[in-house]
Amino acid sequence: MSLNDTSSSKFEYDGAYIGQYGGQFVPQILVPALEQLEEAFENAITDDEFLSELNSLLNNYAGRPTPLTECKTFGRTENCRVFLKREDLLHGGAHKTNQVLAQALLAKRMGKTRIIAETGAGQHGVATALACALLGLKVTVYMGKKDCDRQAPNVFRMRLMGAEVIPVDNGSASLKDAINEALRDWASSYDDTHYLLGTAAGPHPFPKMVKRFQQVIGEEAKKQMLEQTGQLPDAVIACVGGGSNAIGIFADFIKEEQVKLIGVEPAGHGLDSDAHGATLLKGTEGIIHGARTHTLQTDEGQIIESHSISAGLDYPAVGPEHVHLMTSGRAEYVGITDEEALEAFQELSHAEGIIPALESSHALAYAKKVSQGVKQPTVLLVNLSGRGDKDLSHVMSVLEKGGDI
Amino acid sequence: MEASMRYQTMFDKTSSNNHLAYIPFVIVGDPNEELSLQIIDQLVESGADGLELGLAFSDPVADGPVIQQAALRPMANSFSIEAGLNLIGKVRAKYPQLPIGLLTYANLVFAQGIETFFNKCRNVGIDSVLVADCPVKESQLFAKTAENSGLQLVFIAPPDASDETLKQIADNSKGYTYVLSRKGITGTEVAATKAKTGFLGKLREFNSPPLVQGFGISEPKHVFDAANAGVDGIITGSAIVNLINQHYNNPQIMLEKIGDYVRSIAQAAHTNHADTA
């Protein structure tokens, strides 16, 4: 049964806001840049020419549609079947490429010649670099100094594809500071530069736009589920850092009331420790990176650094729509620790011959938990948002330290 | 004195002499509480007509490297927002007539509860609040509460804003309007030499409160340029904060250099600009 129109409209954007979250809390100087972007975005998504160019890139360059794979043993029990949406097979190695291609096309449409982007683990930076190489755009990627050190292969990948990578050494020298630096750049460069933000967070229209360009994940998965099982999944499970892969796979299921939506946050050393990135579960309402959302902060409003074994989930805020989905009760958010994610990382590799990204391993770990407890026949859809090659040296060193390999 | 009167009194006085009002900016608690108070004394004694005081925030997106670096010091010393506001209370006690503006970021206002935060601001004697990452289109979140707390909310007018935006800014900004002469973030690396000035006339047309120019003003020459463009006052931030960054380990020299610098800007501001305008 679908929700009726009145209640589903509560899950739609009203201007810059979804529920009470979102908005455009940026310096006044950036407002015209956001307004220009919003207009170009709204215009593009109703333009057949733009959409067909985008689809052609997604299909012929990036490799869409991605497969839906049923696990042979992972999470498989008498009552449970687990299906993986294989965004790990997308060009670039993660779902990031979907919306990067779209925004890069949009940038060209707006007549911009230069792209700036932030990156944490480097996946968004890599996706941006490849799209800009393809489309002939100049690109500067801001990356926290600490992340540059721990993700050196991705820095090399970006540079190989022609991107300029600028290590950001101020603040906590991680993802949030890279976003700050990109916003600062944009404040003086927006005439010829598009800020290609990498997740469903930030000021309007980014959360809405990134969702729109990632919703292809859920649309394909829904069709594939129906083809392979003849039914919708009982639950859709995805990891949440900024929230783009989760909102992408959730989007087409939000109106399917009987489908549970479960976002998995990085619980780091534990939800009750002070080292996690569980912004929805443990953060409080705040205003950061242009949006009214949830963030990890002190009582006085200073933003606190997050922690996760996976750099892609290591972000102290979250996209505003996830806050709305949580507070409205439509989606549920849970935490998975570093250790649990690491276990799922190894288990999927062993069991299915698929090495998942550490980010996606959080979603897998939670799916595993659910599969063990279900009494009724249950079908789970997990967004395997990226592949784990980028994490190999990190995981290897962690396992060596634990004497577990 | 009523908060709402201090700016007006200042501008009445400076404009009657054809002077510009000079409002220097520093971050409170930088490099520490005691020196911060001495720096502020030095600003006032060297010719400041008002003060713009900033709270250190973990994610200052509107600030360039100079002010970012300064903001790290109070935070590293665990100098709290509470301590910052209390420091401003001491400044107010010493200078009852001086207009004092607070420069902050939205999350610092929001985190404690907007009303609580604004009441604290009023209680320590702050006149105006500028929220660096709150454009006028989001003003409804703060405007009513600020007014109820007796605070004047200041908005920033960029040079390339549409007429509609400039009108909103003129209508909503209280005490003064912070006008930019260029795009970008705070800092002196890009000087305000090729200032766009067409929008200033528009703001006047829309009955804006007095216009105070910031971003990129670091030398007396820029002050004369600003006077030519027809503003009512100027703010210098990064140039002073840069002196703190360079010399905070040697307070005597730091205070001397700040004094020399502020006097040079104040002298330029307090020239009769009737002939140049």
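Bear in mind the structure is a predicted one, so any value in this text is a computation, not a measurement.

What counts and what doesn't
- Residues numbered from 1 in each chain as written.
- Chains lettered and ligands numbered in written order.
- Predicted model: local features only at pLDDT ≥ 70, side-chain atom pairs only at ≥ 80, totals over all residues.
- Heavy atoms only, no water.
- Helix = DSSP H or I, 4+ residues; strand = E, 2+ residues; numbered from the N terminus.
- Rg over C-alpha atoms; globule rule 2.2 N^0.38 Å.
- Areas by Shrake-Rupley, 256 points an atom, 1.4 Å probe, with all protein chains shown as cover.
- Lys, Arg positive; Asp, Glu negative; His and termini not counted.
- Charge placed at Lys NZ, Arg CZ, Asp CG, Glu CD.
- pLDDT = per-residue confidence, 0-100.
- Salt bridge = Lys/Arg side-chain N within 4 Å of Asp/Glu carboxyl O.
- Core = buried A, V, L, I, M, F, W, Y, C linked by side-chain atoms within 4.5 Å.
- Buried < 20%, exposed > 50% of the residue type's maximum accessible area, 1.4 Å probe, protein only.
- Contact = heavy atoms within 4.5 Å.
- Axes fitted to C-alpha atoms, helices over the stretch in contact; angles between N-to-C directions.
- Parallel < 35°, antiparallel > 145°, perpendicular 65-115°, else oblique.
- Left-handed = near helix turned anticlockwise from the far one by under 90°.
- Polar contact = N/O pair within 3.5 Å; in protein donor to acceptor, adjacent residues only side chain to side chain.
- 1 Å grid on protein atoms, 1.4 Å probe; cavity = no way out; pocket = protein on both sides within 12 Å on 5 of 7 lines; lining within 4 Å.
- Points joined across faces, edges and corners; volume = space filled by probe spheres on them.
- Nonpolar A, V, L, I, M, F, W, Y, C, P; charged D, E, K, R; others polar.
- Buried area = accessible area lost by both parts, 1.4 Å probe.
- Disulfide = S-S within 2.5 Å.
- Phe/Tyr/Trp six-rings, centres within 6.5 Å; stacked < 30°, edge-to-face > 60°.

Draft legend 1. Expanded view of the overall build of chain A. Helix and strand content of chain A: 16 helices and 14 strands. Against the 2.2 N^0.38 benchmark of 22 Å for 405 residues, chain A shows a C-alpha radius of gyration of 20 Å, consistent with a compact globule. Projected onto its principal axes, the C-alpha coordinates of chain A cover approximately 60 × 50 × 45 Å. Total accessible area on chain A stands at roughly 14400 Å², and carbon and sulfur atoms take up 49% of it. Counting 36 positive and 53 negative side-chain charges, chain A places the averaged centre of each group 3 Å from the other.

Draft legend 2. Highlighting the confidence of the model for chain B. Per-residue pLDDT for chain B averages 94, and the proportion of residues at 70 or more is 95%. For this predicted complex, the interface confidence score (ipTM) comes to 0.95, while the overall pTM stands at 0.96.

Draft legend 3. Up close: the pattern of salt bridges. Applying the stated criterion to the full structure yields 38 salt bridges over all chains. Through salt bridges that share partners, Arg64, Lys85, Glu87 and Glu220 of chain A make up one connected network.

Draft legend 4. Seen up close, the nonpolar core. Membership of the largest hydrophobic core comes to 170 residues, with the highest contact counts inside it found for Phe118 and Phe142 of chain B. Ranked by the residues each element gives to this core, the list is headed by helix H12 (residues 251-269) of chain B, at nine residues. Beyond its immediate stretch of four places on either side in the chain, phenylalanine 142 of chain B contacts Phe25 and Ile287 of chain A together with Ala106, Val109, Ile114, Phe118, Val131, Cys134 and Leu153 of chain B. Residues Val216, Ala221, Leu280 and Tyr333 of chain A belong to the second largest nonpolar core, which totals 30 residues.

Draft legend 5. Local environment of the packing of helix H3 (residues 65-76) of chain B against helix H11 (residues 238-247) of chain B. All names here are of chain B. In the contact formed by H3 and H11, the axes pass within 9 Å of each other and the chain directions differ by 50 degrees. Here H11 runs oblique to H3, going by the angle between their axes. For the pair H3 and H11, the crossing hand works out as left-handed. Between H3 and H11, the contacting residues are Val66, Ile67, Gln69, Ala70 and Arg73 on the first element and Ser238, Val241, Asn242, Ile244 and Asn245 on the second.

Draft legend 6. Representation of the environment of histidine 273 of chain B. Residue and element names in this part refer to chain B. Structurally, histidine 273 is set in the segment after H12. Taking the relative accessible area as the measure of exposure, histidine 273 reaches 4% and is therefore buried. Separated by 107 residues in the primary sequence, histidine 273 and leucine 166 place their C-alpha atoms 26 Å from one another. Aside from chain neighbours lying at most four places away, what touches histidine 273 is Asn18, His19, Leu20, Phe224, Ala227 and Ala268. A polar atom in the side chain of histidine 273 sits 2.9 Å from the backbone oxygen of alanine 268.

Draft legend 7. Region of interest: empty space enclosed by the protein. All names here are of chain B. Summed over all chains, the structure comprises eight cavities of 30 Å³ or more. A volume near 370 Å³ is recorded for the largest cavity. Per-class residue counts for the lining of the largest cavity are 10 nonpolar, 17 polar and five charged. Around the second largest cavity sit 27 residues that line it, and Asp63, Leu103, Tyr178, Thr186 and Phe215 are the ones nearest its centre. For the lining of the second largest cavity, the secondary structure elements donating two or more residues are strand S7 (177-180) and strand S9 (233-236). Counted by class, the lining of the second largest cavity contains 15 nonpolar, 10 polar and two charged residues.

Draft legend 8. Main features of the side chain of serine 174 of chain A. Residues and elements named next belong to chain A. Position of serine 174 relative to the elements: it lies in the loop between strand S7 (164-168) and helix H8 (175-189). Take serine 174: its relative accessible area is 14%, and that puts it in the buried class. Dropping the residues within four chain positions of it, serine 174 is found in contact with Gly144 and Asp147.

Draft legend 9. Geometry of the interface of chain B and chain A. On the chain A side, the residues contacting the 39 residues of chain B number 33 residues. Both sides together, the interface formed by chain B and chain A hides about 2900 Å², and carbon and sulfur atoms give 53% of it. Between the two partners, chain B and chain A, sit three salt bridges. Ionic pairing is found between lysine 183 of chain B and aspartate 191 of chain A, a salt bridge with its closest N-O pair at 2.5 Å. Here chain B is connected to chain A by 23 residue pairs in polar contact (both at pLDDT 80 or more). Counting only elements with at least two residues in the side of chain B that touches chain A, the list comes to H3, helix H4 (81-94), helix H5 (106-111) and helix H8 (163-172) of chain B. Of all the elements, H5 of chain B adds the most residues to the side of chain B that touches chain A, at five residues.

Draft legend 10. Quick look at the state of the cysteines. Applying the stated criterion to the full structure yields zero disulfides over all chains. Free of any disulfide, cysteine 239 of chain A has its nearest neighbouring cysteine sulfur in cysteine 71 of chain A, separated by 15 Å. With relative accessibility at 1%, the residue cysteine 239 of chain A sits in the buried group. Cysteine 121 of chain B forms no disulfide, and the closest cysteine sulfur to it belongs to cysteine 134 of chain B, at a distance of 14 Å. Owing to a relative accessible area of 0%, cysteine 121 of chain B belongs among the buried residues under this scheme.

Draft legend 11. Representation of the confidence of the model for chain A. Residue and element names in this part refer to chain A. Residue-level pLDDT values for chain A average 95, and 97% of them are 70 or greater. Model confidence for chain A, summarised as mean pLDDT per element, is weakest for helix H1 (residues 5-8) at 54 and strongest for strand S9 (residues 235-239) at 99. In this model, residues 1-6 is a region of pLDDT below 50 whose contacts with residues beyond four sequence positions or in other chains number nine contacts.

Draft legend 12. View of the packing of aromatic side chains. Residues and elements named next belong to chain A. Under the defined criterion, the tally for this structure stands at 11 aromatic pairs over all chains. Between phenylalanine 50 and phenylalanine 213, the ring centres sit 6.3 Å apart and the planes meet at 45 degrees, which makes this aromatic pair tilted. Of the two residues, phenylalanine 50 is situated in helix H3 (residues 48-60) and phenylalanine 213 in helix H9 (residues 206-214); the sequence distance between them amounts to 163 residues. The exposure class of phenylalanine 50 is buried, given its relative accessible area of 3%.

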